[in-house]
Each structure stands twice: as structure tokens, then as C-alpha cells.
Amino acid sequence: MPITNILRYFPPARSAGSDSESWFTNFYNPILFDAGAGDKANEQLLDYYLWLVGNPTHPVLDIGCGTGRLTLQLAKAGVRVTGLDRSDEMMRHAKQKSRALPRSTRRLISFVKEELHSYKMPNSYGIAVAMDDFLTHFLTEDELVTALSRIHLCLIEGGLFLTDLRIKDPRSFSQRRSGSGHPVVAWDVVHGVRKGMKSVSIASQSWEDYCHEARVLRSVHVFESIDSQGRVNERRYKTLRQRLHSPEEIATAGERAGFVSSKVLDQSPQGTRVLSLVAGRRSGQEEAAR
Ligand SMILES: C[S@@+](CC[C@H](N)C(=O)[O-])C[C@H]1O[C@@H](n2cnc3c(N)ncnc32)[C@H](O)[C@@H]1O
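What counts, and where the lines are drawn
- Residues numbered from 1 in each chain as written.
- Predicted model: local features only at pLDDT ≥ 70, side-chain atom pairs only at ≥ 80, totals over all residues.
- Helix = DSSP H or I, 4+ residues; strand = E, 2+ residues; numbered from the N terminus.
- Buried ≥ 20, exposed ≤ 12 C-beta atoms within 10 Å, placed from the backbone.
- Pairing = 2+ DSSP bridges.
- Axes fitted to C-alpha atoms, helices over the stretch in contact; angles between N-to-C directions.
- Parallel < 35°, antiparallel > 145°, perpendicular 65-115°, else oblique.
- Left-handed = near helix turned anticlockwise from the far one by under 90°.
- Contact = placed C-beta atoms within 7 Å.
- Nonpolar A, V, L, I, M, F, W, Y, C, P; charged D, E, K, R; others polar.
- Core = buried A, V, L, I, M, F, W, Y, C linked by C-beta atoms within 7 Å.
- Right-handed = clockwise from strand over helix to strand, strands pointing away.
- Expected span 1.5 Å × (residues − 1).
- pLDDT = per-residue confidence, 0-100.

Would you explain the overall build of the chain in this entry?
When you go through the chain residue by residue, the secondary structure sums to 11 helices and 11 strands. The buried share among the 290 residues of the chain stands at 32%.

What follows is the structure, encoded as C-alpha cells:
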């Protein structure tokens, strides 16, 4: 069946800014996420964030903490950190992983299962981090500004918001597609993934379809769990829509949200642009909303 027919079976994914809890719960499966998150570029990014955060005086907010990859490492480095995520499944997995840490390290972590848009911070953060293409989930400028405003609200004046743009420059999609006219297909297999008491292999395939006008990348993922006998015992289809914001668009949206400056950090790991935004003074309106 041509891929265009396959894509028709999938309803458009909702954006992160809307009330689509079930969509996120379904998209991010913690086991599959951890299986796919271990590539070298991703590890470098994690190390880079640990280095950037350093040894802060205020607590750190890890937005969309997922399975706790950064939250746990920050706590291990002695940093007080809140891991915020809207997904039940991801949060449960993160908490379970944290149980392996010594009690004194665990005490540094607060996990909050909540949507960023409704999160009222119990105290102020010096640094907020949203790792792994978080902002691409917001598909319009207004959604982006709303999300950045919530993040701004969590920070102290002069506080830092660190985030990244990992997915490719839009031009690379036309180059990769040139000649074929078909969506880009990628595949991967990860062995030794723990699923309950068993160890399985996870095979994944994804089709990417990029709309230049909307700057939206739609990817359809098929994940298969394969047992030691080579049998496929679970298959999941997932669709994700992401907007390829440029650093300039994020800077403009950041300004509307109350950030006073924004820059792409020079030493960002290869292929990833890490952005740092500085929070300005809170407006009277924001203070009233607190
Ligand atoms: C790509 S995963 C990244 C996880 C983690 N930052 C990492 O790098 O390992 C994105 C996570 O953000 C969470 N998320 C997405 N939108 C959110 C929102 N509006 N509020 C809270 N969490 C959100 C998802 O549930 C998911 O766990």
C-alpha cells in the first residue's frame, strides 16, 4: 500500500498545548522511549545540559522530564530538581527509576505529574530546562508564546530557560526527498529492552512527511516488540506532528512571553542547537496570575 494511503488511517495528532492527555499518554511509551533515547548525540546533549546547569543556587525545573533522564542525573550531581510531565506512564517510569538512587539523592527530586499550562510553581526556579525538541510540539506561534509564558512564570528574574532544536533544518527534507517524491523512511532495532520480566528487541520504522508551507513534520512510527523466538508480540503505531521553529522564531515568541534575550549557544553538541533565554521582570499581570 502506498504510504499516502497508510497516512490516511491516522487522524491528525493534537498539539501539546491542547487538552490531548490521551494522545501524549499514547505517544510516549516509557520503554520504547528509553530504548530509542540512547543514541550518541542524545547522550552528548544530556552531558551538555549537566555541564550548563552546573551547581546552581536555586532549584531546577525539568519540563517534560519524561522517564527522568535529566532529572535523575541532576539529582546525582547534587542539584535540587523538579521533574514535570503530563504523562502518567512516563512519570511512573521515572519514579520507578529514581527508587534505585540512594535516599539522600532521591530527596533532591520532586516529581509533578501535570500539564505545563496548569502548573503553578510552588517556588521559583533559577533554571528551567526542556530537553529533546520540546518546543516543536507547539504548532503555532500563539501556542509557543503561551508555553513560553508559563515557563517564564516559573523562573526568577534573570533566570535561564534552556532548550534545544534537534530535528533537522527544513532544507534537508527536500534534499533527502529529491527524486523519489516519497516520504523519508527510517528504521532501527534495539536489543535487550526490558519488558516486564522479559527482554525483547524493539524494531521501529518511521515515515516522515514534511509540509514546507506549514513547516510541520509529520512522522508515523511503527514499533514492534520481538521476543527471543523472533515472534512479534506487540505492534504499536504512533503519529507525531512537530513544527520546525527557527531560533529566530523562538526568540520572537520568547520576547512576547517576557524573556529579554535569547541566543544559540556556540558549543552546542553537533547537529543540535541549544538555546538559552533569559527571563525578564514579571509583569503586574503575571504577578496577579501567580
Ligand atoms: C520527547 S519526551 C522528552 C523527555 C525528556 N525531556 C528527555 O529528554 O528524556 C517529551 C516529554 O514531554 C512531555 N510533555 C509534552 N508536552 C507537555 C506539556 N505540555 N506539559 C507537560 N509535559 C509535556 C511528554 O509527556 C513527554 O514525556
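Picking up after the structure, the text goes on.
Explain the pairing of strand 9 (residues 232-243) here, please?
Regular strands place side chains that alternate from one sheet face to the opposite one. The pairing of strand 8 (residues 216-226) with strand 9 spans 11 bridges and is classified as antiparallel. Paired with serine 225 across the strands is glutamate 234, a residue of strand 9. Hairpin remark: strand 8 followed by strand 9, antiparallel, with 5 residues in the connecting loop; positive phi at glycine 230, about 85°.

Hey, could you run me through the environment of aspartate 142 in this one?
Position of aspartate 142 among the secondary structure elements: in helix 8 (residues 141-154). A tally of 12 C-beta atoms within 10 Å means that aspartate 142 is categorised as exposed. When the C-alpha positions of aspartate 142 and arginine 256 are compared, they lie 9.7 Å apart, and in sequence the two are 114 residues distant.

How do you make sense of the packing of helix 8 against helix 10 (residues 247-257) when you look at a structure like this?
A pair of packed helices can be characterised by two numbers: the angle between their axes and the separation between those axes. Contact geometry of helix 8 with helix 10 gives a least axis separation of 8 Å together with a crossing angle of 55°. In terms of orientation, helix 8 lies oblique with respect to helix 10. Considering the relative orientation of helix 8 and helix 10, their crossing is right-handed. Here Glu141, Leu144, Val145, Leu148, Ser149 and His152 of helix 8 come into contact with helix 10, specifically with Ala253, Gly254, Arg256 and Ala257. Across the contact of helix 8 with helix 10, the residue classes break down as 5 nonpolar, 3 polar and 2 charged.

Where do I start with the nonpolar core in this structure?
One recurring pattern in soluble globular proteins: nonpolar side chains tend to sit buried together. Ranked by size, the top nonpolar core spans 47 residues in total, and within it Val60, Ile63, Ala128, Val129, Ile151 and Phe161 carry the most contacts. Setting aside its immediate chain neighbours within four residues, isoleucine 63 contacts Leu84, Leu116, Ala128, Val129, Ala130, Phe134 and Ile151.

What am I meant to see in the pairing of strand 4 (residues 125-130) here?
Of all 6 residues in strand 4, 5 are buried, a share of seventy percent or more. Remark: the strand 4/helix 8/strand 5 (residues 155-165) crossover connection has right-handed handedness.

Would you take a moment to explain helix 5 (residues 69-76) for this structure?
One turn of an α-helix holds 3.6 residues; hence residues three or four places apart share an orientation. In terms of burial, helix 5 is largely enclosed, as 6 of its 8 residues are buried. Where helix 5 ends, the next residue or the one after it, glycine 78, has phi of about 90°, a positive value.

Just to check I follow, could you spell out helix 8 for this structure?
Its 14 residues give helix 8 an end-to-end C-alpha distance of 20 Å, which sits within 8% of 20 Å, the value for a rise of 1.5 Å per residue. Those residues of helix 8 not exposed but buried are Leu144, Ala147, Leu148, Arg150, Ile151, His152, Leu153 and Cys154.

Mind showing me how you'd approach the confidence of the model for the chain here?
Confidence along the chain averages 81 in pLDDT terms, with 77% of residues attaining 70 or more. For residues 1-25, every residue scores under 50 in pLDDT, and the model assigns this stretch 33 contacts once sequence neighbours within four places are set aside.

Would you mind showing me how to read the environment of histidine 93 here?
Residue position: histidine 93 is located in helix 6 (residues 88-98). When the 21 C-beta atoms within 10 Å are taken as the criterion, histidine 93 is described as buried. Note: C-alpha distance between histidine 93 and glycine 68 (25 residues apart in sequence) is 8.1 Å. Beyond its immediate chain neighbours, meaning those up to four positions away, histidine 93 contacts Pro30 and Thr67.

So what exactly am I meant to see when it comes to the sheet that holds strand 10 (residues 259-264) here?
Backbone hydrogen bonds hold the strands of a sheet together, and the pairing may be parallel or antiparallel. Taken in spatial order, the 7 strands make up an open sheet running 3-2-1-4-5-11-10, and their pairing is mixed. The open sheet has two edge strands, strand 3 (109-113) and strand 10, and neither has a second partner. Adjacent strand axes in the sheet meet at a mean angle of 20°, parallel and antiparallel pairs treated alike. One ladder, built from 3 bridges, connects strand 1 (residues 60-63) with strand 4; its direction is parallel. Bridged to aspartate 62 within strand 4 is valine 129. Across the sheet, helix 10 lies against strand 5, strand 10 and strand 11 (273-279), angled at about 165° from strand 10, the strand it touches most.

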